[in-house]
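Residue-level listing of the chains:
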Amino acid sequence: MAEQEEQPIAGRSLTGQAVALARLLHHECTSLLRLYTERETFLSSYTPDGKRLVSASPESEEPSTEEQVHLLHSALRQCLGLLHRVIQKEEEEWGKLEDEYESMRKNVRARLEHLLYSTKGLVETDGTNLEVTPDNQCNEETDGSGGVFGFKLWTYQVLLELIHWSDHAAKTLHVLHTEREGAEEA
Amino acid sequence: MAHLSLTPTSKLISSGFVWLLWIVLGFSASHTHADTGLTVPQRVTLSPNWYTQELSISWLGGGATTFDLIILRTEFNETVFYETVSPTVNKVSGLHQWTWTSVNPLECTSLSVKIRSRDGHTTSEWSQTETLQGNDHPNSEQRVKVFPQDKVLPVGANITFCCILDEGMVLDKLKYDGNTTSVTRLSRRTYSTTVFNLVASRQSGSNMLCLPEDKEKLYGTVVFVGYPPLPIDFKCETHDLRSAVCQWGKGRDTHLYGSQRGTRYFVNNRDCSEVNQDVGQKEATCTFDTWEGNWTLVAKNLLGQYSLTDTAELSHRVCPVAPDLLSVVADAWNASLSWHWKYDSYSSLALVCQVEITATEDEKLIKRVFSGVGLRSVFLSDLYPDEHYSVKVRCGAQQNFWKWGNWSKLSSFKTKTYVPDTPDAWIWLNTDNTGKVVWKPLTRRQSHGKLTQYEVFLWSLEENRALAPAVTLPPNNWSMPVNLTEIAFFSNNGSVVAKVTARNNAGSSPPARVHLTSVEPLAAPRIVYTDQGFPLFWENNANATCGYVVEWLDAFCPQDCPVEWIKLPAGTTNVSIESATFQPGVRYNLSLYSCSSDARELLKRWQGYMQELVPSVALTLSASQQNADVLLTWKEIPLVNRRGFLLGYNIYNSTGYQFKLLENVSDPETMSYTAKDFAKGFIKGTFKFTVKAYTAAGENTGTTATVTIEPYTDWLILEILTSLGLVTLLLAIVTFTCYKKRKWVKKAFYPDIPEPKLPSDWPRTRGLLDVKPSPHSMVCVVETPEYDCIKDMLVAIPEEDEDDAGQGIGDESVDTDEPTSLRYYNQMVDERPIRPRFPDSSASSISSMSSAHTDVTYTGIQTSGSSLVLQLDPQGSSECHQPQLDRSVSSGGGGYRPQMQPRAPSDDMDLPSPESFLEPQAACSGGYKPQGSWQLDSPVDAAEMGSLAPSLGSPTSVASTQFLLPDGEENTGEKRQLSSSAASWLTNLLSSTKP
């Protein structure tokens, strides 16, 4: 929240809305992780290795802001795919339960989908067509081979990944917003 | 084995011998096992069930029915199991099989198995070791490090976990659900722990953590602990008279959720799990297109299963659906409700329907039940006009009722308006014939629509016409002033009624009629309030054709009082009046009026308090003294301040430290009180009087008046004079009586003493009486030296007395050579007035004085008595002694002891008995003891002679007014003087009566 206050307040432009959305997503992802660690308390003192579950490699060494948003969009699709998998697997493992964690989980999914639509609208051109569906790259090897305990660790990593990429989205989109708003003003 | 030292040749020989020996021994040994027929088990195979932790061991051969089975942890070579077992045998293949269940998960560490045949005490060789490789084997590349994984166990079970660390890692601790557990090392890299009596886990299971010292590593597993399913209340019913809907409760929470571990439900082998997976769902259902009649529910999870069955005919399980599309057609007092059914099959079904109507006005719920075949409309009566209602319906089968169906949705409607109810009107008149017609505001239920106005007519009954145009009043006005004097003028003193009507949009109400007539007040007896109010009773009045009116109001309200009333039907003879406006301490007048077409008549009146209180104000009190009385007067407490029926007054007197009730004045009309003779006996002082009025609730605080009492001396003087007069009168009566009876008195108290008969040669000339001690002719001498007290006394005391006497009497001519007793005797015979001789001598002297100082007038001396004393030998030669027990006592309290013969005075010439001598007090401490016939019964009596009582009734000397008994207080000179003076007075009196 403090970070939000330091940065310029986004206007009603598409980029501004995308920045606000990304910041809100980041906030909700943080809350979701907090709720998860309240349920699985042993994770609060666990620091997984730095290996990323989601990666987006730029084609050029110095990608432009639009290219970075493209990459961001791709990474967010992967995040959505991971989140879908988490939701599906959790419902398989312990059924549906209307608690605060599940409610926040639904919010994050809806917000992430909304952000995907936003980024698509920002960088999609006539020659490109961006997908907003989940990019489900995970499989049994990644989420279920370690049993339920392994799944809990993997879920924790997914939530960390969501926080990382939502934060990255807020920063990248803010750059885009700054560039575009500055150009329009000039 | 023996060590041999041989040459090379011999070495060869010896070497061949050793080999031969080994062969022989080996053959011998082989021959021995071959003899038992037990062969070594072959082809041992191990088949693990990793989930159940069971190890199935099978082998061939052995020829025995029992086998020794040993299982070891391979790495540490620790025995885990070693027993003789009886395996099952496959008769076809000849394969033996035995299953062993491991406490630890089989993955934890490698296990080695060996088997040998056993027949009694004979065993075969062990089979080759077969090893089950654990995950702690160096070649193992398993990701999972903690076992068992995702185990499901019942509540209360125990479980053993193991954790396999990577090479070089060191274990920090194992934790189960946040609690560190104790650790057992199974192998170089494997550690285990056991958790006992597991409790139900939460939704995501209980975590078992393996924490190496390397904090970046975290291993673990999850265990799910719960219960087998226990469904309840399995019933099937129909809504559409064709299909079946089976329902049941999930019952106890199994703590196992999700598609893998959650409970699966099957009804008649049909899987009904899919729609019943929600964790929070308590009820489950499963629908069948046809009515099968018999159903079996099976609930299963990984811990067990449970079955329930239900059997029923369709007609007994009809639960109608909720009525749909409710519609209402409303009138003022009723409404018609109709609805639709979802299924046409209901048209032939006998239904019973429950209708709930809720009035918006008061939220009051009305329940009504209707029935009929294919029921789809009902008539709702007894509603209120201009009222909002909401209604809902539910139905059930009329025959073989099973249960109510669901409620329909609520439907709202409003009834139409209607003319208002007749207002409840009454009249209140002041004493000056002015007053007002009053009526109670109509409630919403009575108004039947929004009121627009009230109208009041003054109607002449005789002329049957209105005396004036109608007075229209707004709906918030509920009274109209009237003046009966004016009305009488206009009506020519005819009967007039006020007609009051209320009006709304639907029209005017029927008029309320109030007779405008004054009534004469009646006496009002008291009435006591009860829990039900003021209980009023009266006799039925035939004139009360339209009933009665009971009116009540504050009894002390002077003008335009807020009056309340209640109308009662004809024939009523009692009512309890209760009102929220009743206040404690307020007196109410309750009046009963009869109602007829002609007039109103006051039949009865009462007065009462809802609750009596003590008077709220104090009295005005004044007090004044009237001679010996104190008069208290006070003023009446105003009626409004009494707050109860006054019962009287309590009058108290306070004297500073006392608060005493003087009088209870039970007549409340009394306004004064006189404290009679209150000033008597008081010198002077200030006194407070308090008067408290009391009701049934108690006393008020009271008023205090202070009065200063002046001494009332007249009475005191009168009393003194009266006393003196009475004493004087008494003395006169005594004197007169004594004078009248003087002869008897003289005879009784002062008899004549015979004149001594003198011989003729007795010289009659008076001269100095020369008395010489008489010869001791009658003295008895007792030779008892220790009792020779008389001698001592006669020697010691008289000398002292003599000295004292000499000092005391001065120039009196006394022969000092004479013993004291002689002088005393001389004094006795002397007729001169007796006077004290030793006014202040010592104790011993007092004792002597008691005889010398007595006022006895020995006008006649009994010579025989005196001779007894005077016969003492003045020279001390006499042998007659008084008994003397204690010389000191004798000298202290003794002195002169004249002729003391306590036991036998008549035998004064005899020798004193020894007993008389032994009387200690009487004999030695005694003093004067005149010759008396008084006998002491005992020494105790003698000791008690100090009291005066024994002297009463004592004989007296004929020449003396003194009692002849020894006086215990004879040492008290003052008493003696008093008695002496009294005796002198009596003597003089009697002497004066001598002829």
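Residues numbered from 1 in each chain as written. Chains lettered and ligands numbered in written order. Predicted model: local features only at pLDDT ≥ 70, side-chain atom pairs only at ≥ 80, totals over all residues. Heavy atoms only, no water.

A short note on the overall build of chain A
Let me state the cut-off plainly: A helix here means a DSSP run of H or I that spans at least four residues, while a strand means a run of E at least two residues long, and both kinds are numbered starting from the N terminus. For each residue, the accessible area found with a 1.4 Å probe, counting protein chains only, is set against the maximum for its type, and the residue is called buried under 20%, exposed over 50%, and partly exposed in between. For this analysis, residues touch if any pair of their heavy atoms sits within 4.5 Å. Method for areas: the Shrake-Rupley scheme with a 1.4 Å probe, in which residue coverage is limited to the protein chains shown.
Helix and strand counts for chain A come out as six helices and zero strands. Listing every helix and strand of chain A by position from the N terminus yields α-α-α-α-α-α. Per-residue burial over chain A gives 49% buried out of 186 residues. In chain A, of all internal contacts separated by at least 6 residues, the share reaching a separation of at least 24 is 84%. As displayed, chain A offers around 9,400 Å² of accessible surface, 48% of which is attributable to carbon and sulfur atoms.

Some thoughts on the interface of chain B and chain A
Our working definition: For any pair of parts, buried area is found by adding up, for both, the accessible area (1.4 Å probe) each one loses once the two are put together. Within this document, salt bridges are pairs made up of a side-chain nitrogen of Lys or Arg and a carboxyl oxygen of Asp or Glu, the two lying within 4 Å of each other. Think of a polar contact as two N or O atoms within 3.5 Å of one another; within protein, one of them needs to be a possible hydrogen donor and the other a possible acceptor, and neighboring residues in sequence only count if both atoms come from side chains. By the convention adopted, Pro, Cys, Tyr, Trp, Phe, Met, Ile, Leu, Val and Ala count as nonpolar, Lys, Arg, Asp and Glu as charged, and the other residues, Gly among them, as polar.
Taken residue by residue, the interface counts 24 residues in chain B and 20 residues in chain A. Taken together, the two surfaces of chain B and chain A that pack against each other cover about 1,800 Å², and 50% of this comes from carbon and sulfur. Put simply, chain B and chain A have two salt bridges between them. Between E40 of chain A and R202 of chain B there is a salt bridge; the shortest N-O distance is 3.4 Å. On inspection of chain B and its partner chain A, the count reaches ten residue pairs in polar contact (both at pLDDT 80 or more). Secondary-structure elements contributing two or more residues to the side of chain B that touches chain A are β17 (206-212), β18 (219-226) and α2 (258-261) of chain B. No other element matches the five residues that β18 of chain B contributes to the side of chain B that touches chain A. Of the residues that constitute the side of chain B that touches chain A, the class distribution is eight nonpolar, ten polar and six charged.

Structural notes on the sheet that holds strand β12 (residues 159-164) of chain B
Residues and elements named next belong to chain B. Here is the rule we go by: Pairing between two strands is assigned when DSSP locates at least 2 bridges connecting them.
Spatial ordering of the open sheet is given by β10-β12-β16-β15, a layout of four strands whose pairing is antiparallel. If you trace the sheet from one side to the other, it starts and ends with β10 (146-147) and β15 (184-185), each paired once. Relative to β12, β10 runs antiparallel, the two being bridged by two bridges. Residue pairing across strands places F147 opposite C162, the latter belonging to β12.

Some details on the packing of helix α2 (residues 14-39) of chain A against helix α4 (residues 100-123) of chain A
All names here are of chain A. Spelled out, the test is: In this description, a line fitted to the C-alpha atoms serves as the axis of each element, helices being fitted only across the stretch in contact, and the angle between N-to-C directions of two axes falls anywhere from 0 to 180 degrees. In this scheme, roughly parallel covers angles under 35 degrees and roughly antiparallel covers those over 145, while 65 to 115 is roughly perpendicular and the rest are oblique. If you view the pair so one helix is near and one far, a crossing is left-handed when the near helix is turned anticlockwise from the far one by less than a right angle, and right-handed when it is turned clockwise.
It is the contact of α2 with α4, at a shortest axis distance of 9 Å, that shows an interaxial angle of 155°. In terms of orientation, α2 and α4 fall into the roughly antiparallel class. When you trace α2 past α4, the crossing you get is left-handed. In the contact of α2 with α4, the residues fall into 16 nonpolar, five polar and five charged.

Things to note about the UniProt feature "transmembrane region" (unreviewed entry) in chain B
Formally: UniProt positions are given in the numbering used here, feature names are shortened, and annotations may be inferred rather than shown by experiment.
Mapped onto this structure's residue numbering, the UniProt feature "transmembrane region" (unreviewed entry) falls at residues 715-739 of chain B. The span residues 715-739 of chain B carries 100% helix and 0% strand; its end-to-end C-alpha distance comes to 36 Å.

Some points on the packing of aromatic side chains
All names here are of chain B. Inclusion rule: Aromatic contacts are taken between Phe, Tyr and Trp rings whose centres are within 6.5 Å, Trp giving its six-membered ring; a plane angle under 30 degrees counts as stacked, one over 60 as edge-to-face, and the others as tilted.
Applying the stated criterion across every chain yields a total of 29 aromatic pairs over all chains. Taking 6.2 Å as the distance between ring centres and 45° as the angle between the ring planes, the aromatic pair formed by F81 and W100 counts as tilted. Of this pair, F81 sits in strand β4 (residues 78-85) while W100 sits in strand β6 (residues 95-101), placing them 19 residues apart in sequence. Overall, W100 belongs to the buried group, its relative accessible area being 8%.

Considerations on the sheet that holds β17 of chain B
Residue and element names in this part refer to chain B. Pairing in this open sheet of five strands is mixed, and the strands run β11-β18-β17-β13-β14 from one edge to the other. Sheet topology places β11 (151-154) and β14 (179-181) at the edges, where each strand pairs with a single neighbour. Each strand axis lies, on average, 30° off the axis of its neighbour in the sheet, ignoring direction. Across five bridges, the pairing between strand β13 (residues 171-176) and β17 is antiparallel. In the sheet register, L171 faces β17, and the bridge partner there is P212.

What to know about the confidence of the model for chain B
Residues and elements named next belong to chain B. This is how the line gets drawn: Every residue is assigned a pLDDT by the predictor, reflecting its confidence on a scale from 0 to 100.
Confidence along chain B averages 77 in pLDDT terms, with 71% of residues attaining 70 or more. Segment residues 1-35: pLDDT under 50, and six contacts once partners within four positions in sequence are set aside and those in other chains are kept. This model gives residues 775-980 a pLDDT under 50, and the stretch forms 267 contacts once residues within four places in sequence are excluded. Interface confidence for the predicted complex, expressed as ipTM, amounts to 0.88; the pTM equals 0.57.

Thoughts on unusual backbone geometry
All names here are of chain B. In this structure, the amide linkage connecting F147 to the following residue, P148, adopts the cis form with an omega of -5°. Relative to the elements of secondary structure, P148 occurs in the loop between β10 and β11. The phi torsion at N400 lies on the positive side, around 50°, for a residue other than glycine. Its location among the elements puts N400 in the loop between β31 (388-397) and β32 (411-414). Of the residues examined, N400 reaches a relative accessible area of 39% and is grouped as partly exposed.

Considering the nonpolar core
Put simply, the rule reads: Definition of nonpolar core: a set of buried residues of the types Ala, Val, Leu, Ile, Met, Phe, Trp, Tyr and Cys, connected through side-chain atoms within 4.5 Å. Domain start and end points were adopted from an automatic or database domain assignment.
In terms of nonpolar packing, the biggest core is built from 59 residues, with L76, V108, L115, L162 and L173 of chain A together with L218 of chain B touching the most fellow members. Within the residue set of this core, elements represented by two or more residues are α2, α3 (65-94), α4 and α6 (147-185) of chain A together with β17 and β18 of chain B. When residues are assigned to domains, this core turns out to be shared by domain 2 (145-226) and domain 3 (232-316) of chain B, each giving three or more. Counting 26 residues, the second-largest nonpolar core is a separate cluster that includes W339, W341, V355 and F370 of chain B.

Here we look at the state of the cysteines
Here is the rule: For the purposes of this analysis, a disulfide is any pair of cysteine sulfur atoms at a distance within 2.5 Å.
Counted under the stated rule, the structure contains seven disulfides over all chains. Through a disulfide, C163 of chain B is tied to C210 of chain B; the S-S separation comes to 1.8 Å. Classification of the bridge connecting C163 of chain B and C210 of chain B rests on its S-S torsion, roughly -80°, and on that basis the disulfide is left-handed. In this pair, C163 of chain B sits in strand β12 while C210 of chain B sits in strand β17, placing the two residues 47 residues apart along the sequence. C210 of chain B carries the same exposure label as C163 of chain B, and that label is buried. No disulfide involves C79 of chain A; its nearest neighbouring cysteine sulfur is the one of C29 of chain A, lying 8.1 Å away. Given the relative accessible area of 1%, C79 of chain A is considered buried.

Here's the deal with the side chain of T358 of chain B
Residues and elements named next belong to chain B. Mapped onto the elements, T358 comes out in strand β28 (residues 350-359). A residue is classified by how much of its surface remains accessible, and T358, at 18% relative accessible area, is buried. If we skip the residues at most four places from it in the chain, T358 touches E363, K364, L365, H388, Y389 and S390.

Observations concerning the pairing of strand β46 (residues 574-577) of chain B
Residue and element names in this part refer to chain B. Across the two faces of β46 the burial differs, with V575 and I577 buried and N574 and S576 not buried at all. Alignment of strand β43 (residues 534-537) against β46, held across four bridges, turns out to be antiparallel. Residue pairing across strands places L536 opposite V575, the latter belonging to β46.

Concerning the environment of F413 of chain B
Residue and element names in this part refer to chain B. Within the fold, F413 resides in strand β32. Residue classification places F413 among the buried residues on the basis of a relative accessible area of 8%. Sequence separation of F413 and A330 is 83 residues, and the distance between their C-alpha atoms is 7.1 Å. Those residues within four positions of F413 in sequence are excluded, and the remaining contacts are V328, A330, A335, L383, E387, H388, Y389 and V391.

Some remarks on the pairing of strand β34 (residues 434-439) of chain B
All names here are of chain B. Sheet topology note: the strand β33 (residues 425-429)/β34 ladder contains five bridges and is antiparallel. Bridge assignment links L429 to a residue of β34, and that residue is G435. Taken together, β33 and the strand that follows it, β34, pair antiparallel across an intervening segment of four residues, in which N433 is found at a positive phi of about 70°. In the sheet, β34 pairs with strand β38 (residues 479-483) via five bridges, with the strands oriented antiparallel. Bridging from a neighbouring strand, V437 pairs with M480 of β38.

Brief notes about the side chain of H515 of chain B
All names here are of chain B. Looking at the secondary structure, you find H515 in strand β41 (residues 512-515). Here H515 falls in the buried class, since its relative accessible area comes to 7%. A polar contact of 2.9 Å, which involves the side chain of H515, links it to the backbone oxygen of S596. If near-sequence neighbours (up to four positions away) are discounted, H515 is found in contact with I427, L461, V496, V497, S596, S597, D598, A599 and R600.

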